[in-house]
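Tertiary structure, described
One-letter residues, chain by chain:
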Amino acid sequence: MAEQSLGAAAGLEPFKIDWCQVVGRAKETPDTYTIRLRPLWRGGIAFNPGQFNMLYAYGVGEVPISISGATSDGQALEHTVRAVGPVTRALTSARIGSSLGLRGPFGRGWPLREAEGQDVVIVGGGIGLAPLRPAIQYIIKNRERYGRFYVLYGARTPADLLYKRDLQSWRARLDTQLLVTVDRGDEKWRGYIGVVTTLFRYVRLEPNSTYAYVCGPEIMMKFTVQELKNQGLPDERIFVSMERNMKCGVGICGHCQFGPFFVCKDGPVFSLSEVSNFFGRREV
Amino acid sequence: MGEIRDQSDYYLLDPQLIDGLISALRGLGYSVIGPVVREGAIVYDEIESAAQLPVGLRDRQGPGHYRLEERGDKAFFGFVVGPHSWKRFLYPPRVKLFTVSRKGEVTANNLLGRKMAFIGVRGCELAAISVLDKVLLGGTYVDPVYSAMRRDVFIVAVNCTEPGENCFCQSVGTGPEAGAGYDVSLTEVVGDGVHYFVARAGSDAGKSLLENIGARRATDEEVSEAAARMERSRTLFRKSLDVNGLKDLLYKNLESPVYAEVAERCLACANCTLVCPTCFCTTVEEATSLSGDVAERWRRWDSCFNADFSYIHGGPIRSSRLSRYRQWLTHKLATWIDQFGVMGCVGCGRCITWCPVGIDITEEAARIRQRGLEVSAT
């Protein structure tokens, strides 16, 4: 695909698609894949953990997908996609070597700079671990800049756990406390059973020197936030990644509104203090 | 487009000169768009002469009600606003964004080149264009379609000498007189054997157009008569929206029982959002050729009242009509202010007129205020 500038004629800049080559595809769970995309002409793959891209399957459509990491050679971006509709099915079944469109990165990610010198607790539910993964990788890579580091992760069943190789390597680290739980175990499962909030029994957070990053289904985030507040964390130190319908990614189509915010450009990561009037409220 | 406040910048146009103005704009290469009658309503469409204007007609409006009737005079602009707004020309209901070939060649839809002149833009509508300018041009990301369509627009505003039954522009500060942003404004004086327009230039382009069509300077008497008509207009408003502290009030009363009551009447038909001159939500559609060699991305207006508007995997965020009406009302009157620094409502009253069940945004806002006060009093 030749270098094309969609905006050249009429300035269609925010809707301009960049092409990427699918260079890898790993099955995470029966319906979820991590696809690796190498940009075909863009300068680089710079992004902030917590940001997302709009991924386009030719002739099918475009969906917002969190950036779940970058390959260690810095050549490709990773996106973890659950096949639940026509576009996500097209993305997860794209063959190695084929092309997908990409716009991004968009949005505001996790406040990793702000949390330097502090403890960090990361809480992920289900596929909500995907946008947290690059934050975890960043903290581990810059481990000396942070205090105590907890990762709490919950999934429905052991088969639904993402990034099993990562989980092993994080668990092996002495400087990271990883706690994993599943709602329902199987015959081989030796770990915790229960929803992710039950893991708070095993961690004692320092409320005034801890940052919390939370991503998962809204109900999971609601109860997680309650646990964090029970441990005394103030709203300004609790960050949630919100999910809303998105079509444009740049605050123009209106779909992702969440109170006064456009999740795509003001978020998806918000401090609880910003969204306290809307977070946990039904149907906003 | 600097404001010109000199008395000498008032001109007088006889009715025939409106035709001259339209011809002159066409001569300058503008597609002239103005009010015309279609299927019993006044809408906006391309016109070639003043003869196509809805001369002698007025619109009778009410909640869920719109009828045209004869005025008994020859007024050119003796009506207020209909179901169309200028949004449809600046931000088309359906527009192709680009074409992609299977090989990956992306071709932008070239939207540049059309010069448009809008005839009969009311104060509320001028304010609505200014709101859209903020929404679609004023942020980090600029909408390429709006930006292309907006680039060369000549605006002939009309001051409303007779507000309609559903108009409340005065209470939100957008009318009945057109504010900044026009090239030419007109105040129509009709009746008692006279018929003329007092025109004012709002830009250099407007001034030279008025000079070129041979408009003479208005006399002091003519200017005063036009001013008197506007003075009278300000006393004729029947509806108002109390904007005092409205944003905070709505933020505090997100669970107001009023929303559930509205939801019992609201059909979630989306009419209010389609006729609204500032509603900007869109969705995109992917269209593929039969051979599959070419795919197109089309964008069309969407509405927060549609069930799939808030769909994410698992279901819509806002499944109830209550939540969709609340989203719309709080967006117009509260969250819009945080997003863009202005209210999303310009007081045109279209949502009241075109609501099939006559839901009135001014009444609902007042009821939320009243109920909120009752709650805080107890």
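What counts and what doesn't
Residues numbered from 1 in each chain as written. Chains lettered and ligands numbered in written order. Predicted model: local features only at pLDDT ≥ 70, side-chain atom pairs only at ≥ 80, totals over all residues. Helix = DSSP H or I, 4+ residues; strand = E, 2+ residues; numbered from the N terminus. Buried ≥ 20, exposed ≤ 12 C-beta atoms within 10 Å, placed from the backbone. Contact = placed C-beta atoms within 7 Å. Rg over C-alpha atoms; globule rule 2.2 N^0.38 Å. Domains from an automatic or database assignment. Nonpolar A, V, L, I, M, F, W, Y, C, P; charged D, E, K, R; others polar. Pairing = 2+ DSSP bridges. Axes fitted to C-alpha atoms, helices over the stretch in contact; angles between N-to-C directions. pLDDT = per-residue confidence, 0-100. Parallel < 35°, antiparallel > 145°, perpendicular 65-115°, else oblique. Left-handed = near helix turned anticlockwise from the far one by under 90°.

Turning to the overall build of chain A, a few remarks are in order. Per the secondary structure count, chain A includes 7 helices and 15 strands. Seen through its C-alpha atoms, chain A measures out along the principal axes to roughly 55 × 45 × 35 Å. Within chain A, the proportion of its 284 residues that are buried is 51%. Nonlocal contacts in chain A, meaning residues at least 24 apart in sequence, comprise 68% of its contacts between residues at least 6 apart.

What follows covers the overall build of chain B. In terms of regular secondary structure, chain B is built from 13 helices and 16 strands. For 378 residues, the compact-globule estimate of 2.2 N^0.38 gives 21 Å, and chain B sits close to it at 22 Å. Viewed in the frame of its principal axes, chain B has a C-alpha envelope of about 70 × 65 × 40 Å. Here chain B holds 378 residues, and the buried ones make up 47% of them. Sequence-distant contacts, at least 24 apart, represent 73% of the contacts inside chain B between residues at least 6 apart.

This brings us to the domain arrangement of chain B. Residues and elements named next belong to chain B. Annotation of chain B at the domain level lists domain 1 (7-96 + 111-233) and domain 2 (246-280 + 304-377). Computed from C-alpha coordinates alone, the two centres of domain 1 and domain 2 are separated by 28 Å. Each partner contributes to the interface: domain 1 provides 29 residues, whereas domain 2 provides 24 residues. Contributions of two or more residues to the side of domain 1 that touches domain 2 are made by β5 (65-70), α3 (123-137) and α5 (169-172). The greatest single-element share of the side of domain 1 that touches domain 2, amounting to 9 residues, is contributed by α3. Split into classes, the residues belonging to the side of domain 1 that touches domain 2 amount to 17 nonpolar, 9 polar and 3 charged.

Right, let's get into the pairing of β5 of chain B. With respect to burial, β5 of chain B is a largely exposed element, only 0 of its 6 residues being buried. Here strand β4 (residues 57-62) of chain B hands over to β5 of chain B after 2 residues, with G64 of chain B in that stretch at a positive phi of 70°.

With that out of the way, let us pick up the packing of helix α9 (residues 257-265) of chain B against helix α13 (residues 361-377) of chain B. Following both chains from N to C, one finds α9 of chain B and α13 of chain B inclined at 145°, their axes separated by 9 Å at the closest point. Contacts between α9 of chain B and α13 of chain B involve P257, V258 and V262 of chain B from the first element and E364, R367, I368 and R371 of chain B from the second.

Residues and elements named next belong to chain A. Taken in spatial order, the 7 strands of this open sheet run β10-β9-β8-β7-β11-β12-β15, and their pairing is mixed. Two strands bound the open sheet, and with one partner strand each, they are β10 (192-193) and β15 (269-271). Pairing analysis gives 3 bridges linking strand β12 (residues 238-241) to β15, with the strands arranged antiparallel. Bridging across to β15, S241 finds its partner in V269. Contacting β7 (119-125), β8 (149-155) and β11 (210-215), helix α3 (residues 133-141) runs over the sheet at an angle of about 155° to β7.

A few words on the interface of chain A and chain B. Listed by partner, the interface residues are 37 residues for chain A and 45 residues for chain B. Considering every element that reaches the side of chain A that touches chain B, the biggest residue donor is helix α1 (residues 7-10) of chain A, with 3 residues. Here the side of chain A that touches chain B is built from residues that sort into 17 nonpolar, 13 polar and 7 charged.

Here we come to the environment of S320 of chain B. Looking at the element boundaries, S320 of chain B is found in the loop between β16 (315-316) and α11 (321-340). We classify S320 of chain B as partly exposed; it has 15 C-beta atoms within 10 Å. For the pair S320 of chain B and V95 of chain B, spaced 225 residues apart in sequence, the C-alpha separation works out to 30 Å. Once you skip the residues sitting within four places of it in the chain, S320 of chain B turns out to touch E283 of chain A together with A263 of chain B.

On to the domain arrangement of chain A. All names here are of chain A. One can read the domain layout of chain A as domain 1 (7-106) and domain 2 (119-275). Using only C-alpha atoms to locate each centre, domain 1 and domain 2 end up separated by 22 Å. Each partner contributes to the interface: domain 1 provides 19 residues, whereas domain 2 provides 20 residues. Counting only elements with at least two residues in the side of domain 1 that touches domain 2, the list comes to β1 (18-29), β3 (52-57), β4 (61-70), β5 (77-82) and β6 (99-106). With 5 residues, the single largest contributor to the side of domain 1 that touches domain 2 is β4. Of the residues belonging to the side of domain 1 that touches domain 2, the class tally is 8 nonpolar, 8 polar and 3 charged.

Here 6 strands make up a closed barrel; going around it, the order is β1-β2-β5-β4-β3-β6 (chain A) and the pairing antiparallel. Taking each pair of neighbouring strands and ignoring which way they run, the sheet shows an average axis angle of 45°.

Let's shift gears to the confidence of the model for chain B. On average, residues of chain B score 95 in pLDDT, and 97% of them are at 70 or above. Our summary of model confidence lists the complex with pTM equal to 0.94 and ipTM equal to 0.93.

Residues and elements named next belong to chain B. Of note, M230 is situated in helix α7 (residues 220-233). Separated by 165 residues in sequence, M230 and H65 place their C-alpha atoms 26 Å apart. The contact partners of M230, leaving out residues within four places of it in the chain, are N159, T161, P176, E177 and T187.

With that settled, consider the confidence of the model for chain A. Per-residue confidence for chain A gives a mean pLDDT of 94; residues scoring 70 or more make up 95%. For residues 1-10 of chain A, every residue scores under 50 in pLDDT, and the model assigns this stretch 30 contacts once sequence neighbours within four places are set aside.

For any two helices packed against each other, the geometry is given by the interaxial angle and the distance between the axes. Residue and element names in this part refer to chain B. Packing of α9 against α11 brings their axes to within 8 Å, and their N-to-C directions diverge by 110°. Classified by the interaxial angle, the pair formed by α9 and α11 is roughly perpendicular. The element α9 and its partner α11 pack so that their crossing is right-handed. Each of Y259, A260, V262 and A263 in α9 lies in contact with α11, whose residues at this interface are R321, L322, Y325 and R326. Tallied by class, residues from the contact of α9 with α11 come to 6 nonpolar, no polar and 2 charged.

The omega torsion across G267 of chain A and P268 of chain A is 5°, close enough to zero to call that bond cis. Structurally, the position occupied by P268 of chain A is in the loop between α6 (263-266) and β15. At the junction of G175 of chain B and P176 of chain B, the peptide bond is cis and its omega measures out at 10° in the coordinates. For P176 of chain B, the location among the structural elements is in the loop between α5 and β10 (184-191). One non-glycine residue, E39 of chain B, lies in positive phi territory at about 50°. Considering the arrangement of structural elements, one finds E39 of chain B in the loop between β2 (30-38) and β3 (41-46). The backbone phi angle of A270 of chain B is positive, close to 80°, even though this residue is not glycine. For A270 of chain B, the position within the fold is in the loop between α9 and α10 (271-275).

This brings us to the pairing of β3 of chain A. Residue and element names in this part refer to chain A. In terms of burial, β3 is largely enclosed, as 6 of its 6 residues are buried. Neither face of β3 is exposed, since F52, M54 and Y56 on one face and N53, L55 and A57 on the opposite face are all buried. Where β3 folds back onto β4 in an antiparallel hairpin, the turn is made up of 3 residues, including G59, whose phi is positive at roughly 75°.

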